[in-house]
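# Observations on the three-dimensional arrangement
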Amino acid sequence: MNAMNFTEPEERVALRAAVAELGKKYGHEYYAKQARAGLKTEELWAEAGRLGYLGVNLPEEYGGGGAGIADLAAVLEELAAAGCPLLLMVVSPAICGTVISRFGTDEQKKRWLPGIADGSRRMVFAITEPDAGSNSHKITTTAKRDGGDWVLSGRKVYISGVDEADAVLVVGRTEDAKTGKLKPALFIVPTDAPGFEYKQIEMDLIAPEKQFGLFLDDVHLPADALVGEEDAAIAQLFAGLNPERIMGASFSLGIARYALGKAVAYANERKVWGAPIGTHQGLAHPLAEIKIELELAKLMTQKAASLYDSGDDFGAGESANMAKYAAAEVAIRAVDQAVQTHGGNGLASEYGLGTLVAAVRLGRIAPVSREMVLNFVGQHSLGLPRSY
Ligand SMILES: Cc1cc2nc3c(=O)[nH]c(=O)nc-3n(C[C@H](O)[C@H](O)[C@H](O)COP(=O)(O)OP(=O)(O)OC[C@H]3O[C@@H](n4cnc5c(N)ncnc54)[C@H](O)[C@@H]3O)c2cc1C
């Protein structure tokens, strides 16, 4: 994005239009039908991959589009705006694709990136642990050296899409040879590795992607399962977490656009007192406020993506957190107000809104909770004392 005129480059505008067409071809009815039947959105994922949309941010030499996270975020936003918020885009191409592109060996890049880019292979991401929660400093999944190899043990929870993934990028810890302290490290763990088990967590979320608890019990991994430097894992982790927040924001923004579009169409059509219900300011003003909040959240998302793509990992952190926060809040408001605008129809399956009530709440919890974003802003943006 050009910082002076606030417009996106022509290529991204064209990308948005093309992705919006693809999204329209499938639409929310397809998405909800697949989710309710316990099925994936396989056809949509495969077509998006074939058209180059899933790997738009990955390097060209490994089958990607050579563009940035801003473009991948535009893809997710447009699909979500068409009623198809593909959660796995947040993890496979955005986190795992980015981390491997930036820090992987040539061999790791060759092995994983072309498949992630065309959608034929998926890698998901596991940091959350049952006992650590938001305090990721407390994670205990630990890798021990076994000659040149690694042996990984631990537990993870709420990991998306494990059943459809070839591998999981697991955030674990290794022991510092000098100090004996544990420090973070990233490992690629194939989902069919002996000792790796996963169990679905039943969720009240209507989504094609399922959530899992992971059990890693002495999982033997080759030396090259480690991504990047053992000593630089924190920086590598942040390189993946900023795209995760930017994509989380885009997921929410797209759903907010979808819900607002539905609410406006209905408010223009439905007549109860002779005039369309959108005539009543009690309905029109909340929709106008949502439009304003949506545009503001989108601007912050574009700023975060632009900073990230310019190589400013640190600067992108604050904007990515703020964007995730603002987008999640407006998406919750948009879906809630769209349901309200529809009256009883708002909760009828035919109108495709009730399906998204839990999905937008997810944006307030993950990938980082609203409160942890506020902690970040309080401490880092405002200079307030740390409270925890
Ligand atoms: C559908 C879904 C998909 C997910 N997918 C993935 C995935 O693919 N990979 C992955 O690794 N994780 C995933 N997660 C996990 C998600 O990132 C965590 O749920 C989230 O980070 C919050 O952690 P927690 O659930 O342990 O909550 P907790 O850390 O237990 O927090 C509970 C509450 O306490 C608040 N809180 C905690 N600490 C503080 C504090 N210091 N100050 C103020 N408030 C505080 C939190 O904000 C929250 O409201 C997913 C979660 C869901 C629901």
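## Observations regarding the overall build of the protein chain
Looking only at helices and strands, one finds 10 helices and eight strands in the protein chain. Here the C-alpha radius of gyration of the protein chain, 21 Å, is about what a compact globule of 388 residues would show, namely 21 Å. Within the protein chain, the fraction of its 388 residues that count as buried is 47%. Across the protein chain, every contact between residues at least 6 apart in sequence was considered, and the portion connecting residues at least 24 apart equals 72%.

## Some points on the packing of helix 6 (residues 233-269) against helix 8 (residues 313-341)
Look at helix 6 against helix 8: their axes get within 7 Å of each other, and the N-to-C directions meet at 25°. Between helix 6 and helix 8, the interaxial angle falls into the category roughly parallel. Helix-helix and strand crossings are classified by hand; for helix 6 and helix 8 the assignment is left-handed. Here the contact of helix 6 with helix 8 is composed, by residue class, of 22 nonpolar, seven polar and four charged.

## A short note on the environment of A323
Among the secondary structure elements, A323 is positioned in helix 8. Taking the C-beta count within 10 Å as the criterion, A323 has 30 such neighbours and is therefore assigned buried. If near-sequence neighbours (up to four positions away) are discounted, A323 is found in contact with R245, I246, A249, A297, M300, T301 and A304.

## Quick word on the site of the ligand
T128, G133, S134, S369 and E371 are the nearest of the 23 residues found near the ligand. Those elements that place two or more of their residues in the shell around the ligand are strand 1 (123-126), strand 3 (149-160), helix 9 (357-365) and helix 10 (370-381). Here the residues of the shell around the ligand sort into 15 nonpolar, seven polar and one charged.

## Some words on the domain arrangement of the protein chain
In terms of domain boundaries, the protein chain breaks down into domain 1 (10-122), domain 2 (125-228) and domain 3 (233-381). Between the C-alpha centres of domain 1 and domain 2 there is a distance of 23 Å. Listed by partner, the interface residues are 21 residues for domain 1 and 15 residues for domain 2. Listed by contribution, the elements that provide at least two residues to the side of domain 1 that touches domain 2 are helix 1 (10-36), helix 4 (88-103) and helix 5 (106-118). A per-class count over the side of domain 1 that touches domain 2 returns 11 nonpolar, five polar and five charged.

## Side note on helix 10
The first and last C-alpha atoms of helix 10 sit 15 Å apart over 12 residues, in line with the 16 Å expected at 1.5 Å per residue. Where helix 10 ends, the next residue or the one after it, G383, has phi of about 75°, a positive value.

About the thresholds
- Residues numbered from 1 in each chain as written.
- Predicted model: local features only at pLDDT ≥ 70, side-chain atom pairs only at ≥ 80, totals over all residues.
- Helix = DSSP H or I, 4+ residues; strand = E, 2+ residues; numbered from the N terminus.
- Rg over C-alpha atoms; globule rule 2.2 N^0.38 Å.
- Buried ≥ 20, exposed ≤ 12 C-beta atoms within 10 Å, placed from the backbone.
- Contact = placed C-beta atoms within 7 Å.
- Axes fitted to C-alpha atoms, helices over the stretch in contact; angles between N-to-C directions.
- Parallel < 35°, antiparallel > 145°, perpendicular 65-115°, else oblique.
- Left-handed = near helix turned anticlockwise from the far one by under 90°.
- Nonpolar A, V, L, I, M, F, W, Y, C, P; charged D, E, K, R; others polar.
- Near = placed C-beta within 6 Å.
- Domains from an automatic or database assignment.
- Expected span 1.5 Å × (residues − 1).

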